[in-house]
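# What the coordinates show
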Amino acid sequence: GPNNTNITMSQDLVALNAKAVAYLGRHDARDKLCRSIAYGSDFVVWVLRNSGQEVLMSWIKQIMKMKSGVGVARKCFRVGAPLKDLDAIAKIPESGSVRVLKTIMHTAN
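The following refers to the structure shown. Note that residues are indexed from 1 along each chain, following the sequence as it is written. The predicted origin of the model limits local features to residues at a pLDDT of at least 70 and limits the giving and counting of side-chain atom pairs to 80 or more, whereas totals for whole chains, interfaces and linings rest on all residues. Excluded from the side-chain calculation are hydrogens and water; included are all heavy atoms of the structure.

## What to know about the side chain of Asn17
Secondary structure elements are defined from DSSP: runs of H or I of at least 4 residues count as helices, runs of E of at least 2 residues count as strands, and each element is numbered from the N terminus. In this fold, Asn17 is placed in helix H1 (residues 2-24). Residues are treated as being in contact if the distance between any of their heavy atoms lies within 4.5 Å. Leaving out residues up to four positions away in the same chain, Asn17 has contacts with Leu83, Leu86 and Asp87.

What follows is the structure, given as structure tokens:
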């Protein structure tokens, strides 16, 4: 009946969210890589500016564009982070007030 369809759809959404969480579980690694590229870009720009060689100055604009792109990518990667919380809440087996309390405790953490 209609109730079984809702349960199946709910289970499908939980399974889909679990897959998204597994994929986004590498978020920390991507975030560290993006930060390393951004800080490395700052260092390279500093080296180029202090090199005194005019021919290297044309690279600064390109490096700054790359840093900007990496910053945007890093922000986009962060969008998926709340899915981890939704997945943890969806896996709470209890119902009623116990589930509500566990949900509140998880989101407060």
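Once you've had a look at it, read on.
## Quick word on the pattern of salt bridges
Between Lys or Arg on one side and Asp or Glu on the other, a salt bridge is scored when a side-chain nitrogen of the former is within 4 Å of a carboxyl oxygen of the latter. By the definition in use, this model includes three salt bridges. Here Asp31 ties to Arg74 by a salt bridge, and the two come within 2.5 Å at their closest N and O atoms. One end of the pair, Asp31, is in helix H2 (residues 27-49); the other, Arg74, is in helix H3 (residues 54-79), and 43 residues separate them in sequence. Assessed through its relative accessible area of 14%, Asp31 is described here as buried. Judged by relative accessible area, which is 23%, Arg74 ranks as partly exposed. Taken together, the shared-partner salt bridges connect Asp31, Arg35 and Arg74 into one network. Summary of the burial criterion: residues with accessible area below 20% of their type's maximum are buried, those above 50% are exposed, and those between are partly exposed, where the area comes from a 1.4 Å probe applied to protein chains only.

Distances and angles like these do not, on their own, reveal function.
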